[in-house]
Amino acid sequence: MAFDELVNHITPEVRAVIGARSDWQEAPHPVEASEVRRFFQALMDPNPRYWDDEHAAGTRYGALVAPPGFPVHAFRRPADELNDSLAAAGDPDFDGLSRAMRPGLPKLPIPLSGILNGGYEYEFYSYPKVGERIQCRSAYLDIYQKQGKAGPMVMVVIEDEYRAADGRPLLKSLNTMIMR
C-alpha cells in the first residue's frame, strides 16, 4: 500500500469550508446580442427567439433571449482587467485554475496538484434576456475523498446559482471537481 493511500485529505480545515457561500457577483457586462449570436451558432441552434427581434417580441419572453446555458459563459475577465490569467503558465505548478475554484469562495487547503472536471448537472429555470445583467453565487456543497487506482482523489461539489439582476432565477449547476 503506497503512502498516498493512507493520507486523509479531508482535514478539519477542509471540512470547515463545506457550506461556504460567496456573495452574489455580477457579470462584467450585460447580455449582448453579438455574444448570444456566437453562442447559439456554436450550439447550432438557430431558433429565431435568439436573433429575430420581431419573432422574439411575439413569444412569451417578449424580447430576444440567450440559450439557457449562456449565463455560465457570461463570467469572463472584464475588458479593463489587464492581468493575463495565463501569465503563470511557465510555472511548473500552474494548472490553469485558481485553487479558490470560484470567485468569492475560500481557497481549499488540499495539497493535491491536479484538477479534473468530474462533470456538471444543470437545472434551467428561465432564459436570460438580451440587455439584462446576470449574477452568480457559488457554494461548496460537499468535499469528500475516494481511493482511486493511482491514489486518493478529493471530490469537490460546487453549486453555482445564476439569476437576472432583478432576482429572477436563470439556472443552477452542480459541478464536481476532482483533485488528485
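Residues numbered from 1 in each chain as written. Predicted model: local features only at pLDDT ≥ 70, side-chain atom pairs only at ≥ 80, totals over all residues. Heavy atoms only, no water.

Provide a residue-level description of unusual backbone geometry, including the pertinent values.
As a rule of thumb, non-glycine residues mostly have phi less than zero, and peptide bonds are mostly trans rather than cis. Residue Met 44 is not a glycine yet carries a positive backbone phi of 60 degrees. Along the chain, the position of Met 44 falls in the loop between helix H3 (33-43) and helix H4 (53-57). (Helix = DSSP H or I, 4+ residues; strand = E, 2+ residues; numbered from the N terminus.)

So, the pairing of strand S4 (residues 151-164): which residues are in play, and what are the values?
Every other side chain in a regular strand lies on the same face of the sheet, so the side chains alternate between the two faces. S4 sits mainly inside the fold: 12 of its 14 residues count as buried. Bridge count between strand S3 (residues 134-148) and S4: 14 bridges; the pairing is antiparallel. The residue of S4 that forms the bridge with Gln 145 is Val 154. Alignment of S4 against strand S5 (residues 169-179), held across 10 bridges, turns out to be antiparallel. What sits directly across from Val 156, in S5, is Met 177. Adjacent in sequence and paired antiparallel, S4 and S5 are bridged by 4 residues, among which Gly 167 carries a positive phi angle near 100 degrees. (Buried < 20%, exposed > 50% of the residue type's maximum accessible area, 1.4 Å probe, protein only. Pairing = 2+ DSSP bridges.)

How would you explain the environment of Ala 150 if you had to name every residue and give the values?
Residue position: Ala 150 is located in the loop between S3 and S4. On the basis of relative accessibility, which here comes to 65%, the residue Ala 150 falls in the exposed class. The sequence separation of Ala 150 and Arg 180 amounts to 30 residues, and the corresponding C-alpha distance is 8.8 Å.

How would you summarise the sheet that holds S3 if you had to cite specific residues and measurements?
If you trace the 5 strands from one edge of the open sheet to the other, you get S1-S3-S4-S5-S2, paired in antiparallel fashion. The open sheet terminates on both sides in strands that have one partner only, identified here as strand S1 (25-26) and strand S2 (115-124). Relative to S3, S1 runs antiparallel, the two sharing 2 bridges. Paired with Glu 26 across the bridge in S3 is Gln 135.

Can you explain the nonpolar core? Please cite residues and give values.
In terms of nonpolar packing, the biggest core is built from 17 residues, with Val 31, Val 36, Tyr 50, Phe 70, Ile 134 and Tyr 162 touching the most fellow members. Those elements that provide at least two residues to this core are H3, S3 and S5. Examining the composition of this core, we find that 3 residues originate from one element, H3, more than from any other. Residues Leu 112, Ile 143, Ile 158 and Met 177 belong to the second largest nonpolar core, which totals 15 residues. (Core = buried A, V, L, I, M, F, W, Y, C linked by side-chain atoms within 4.5 Å.)

Describe in detail a nonpolar patch on the surface, supporting the description with residues and values.
Residues Tyr 120, Tyr 122 and Phe 124 make up a contiguous nonpolar surface patch of about 310 Å² in total accessible area. Tracing the backbone through its elements, the reader meets Tyr 122 in strand S2. The exposure class of Tyr 122 is partly exposed, given its relative accessible area of 38%. (Patch = residues over 30% accessible without salt bridge, like charges linked within 9 Å, V, L, I, M, F, W, Y side chains within 5 Å. Areas by Shrake-Rupley, 256 points an atom, 1.4 Å probe, with all protein chains shown as cover. Salt bridge = Lys/Arg side-chain N within 4 Å of Asp/Glu carboxyl O.)

Report on the packing of aromatic side chains, specifying residues and quantitative values.
Applying the stated criterion to the full structure yields 6 aromatic pairs. Residues Phe 39 and Phe 70 carry aromatic rings whose centres are separated by 5.4 Å and whose planes lie at 85 degrees to one another, so their mutual orientation is edge-to-face. Here the residue Phe 39 occupies a position in helix H3, and Phe 70 occupies one in the loop between H4 and S2, the gap between them amounting to 31 residues. Owing to a relative accessible area of 2%, Phe 70 belongs among the buried residues under this scheme. Consider the rings of Phe 40 and Tyr 50, whose centres lie 5.8 Å apart with planes at 25 degrees: the pair is stacked. Taken together, the residues Phe 40 in helix H3 and Tyr 50 in the loop between H3 and H4 connect sequence positions 10 residues apart. Like Tyr 50, Phe 40 is buried. (Phe/Tyr/Trp six-rings, centres within 6.5 Å; stacked < 30°, edge-to-face > 60°.)

Describe the side chain of Arg 102, naming the residues involved and giving the relevant values.
By secondary structure assignment, the location of Arg 102 is in the loop between H4 and S2. Ignoring anything within four residues of it in the chain, the contact list for Arg 102 reads Tyr 120, Ser 138, Ile 158, Asp 160 and Asn 175. (Contact = heavy atoms within 4.5 Å.)

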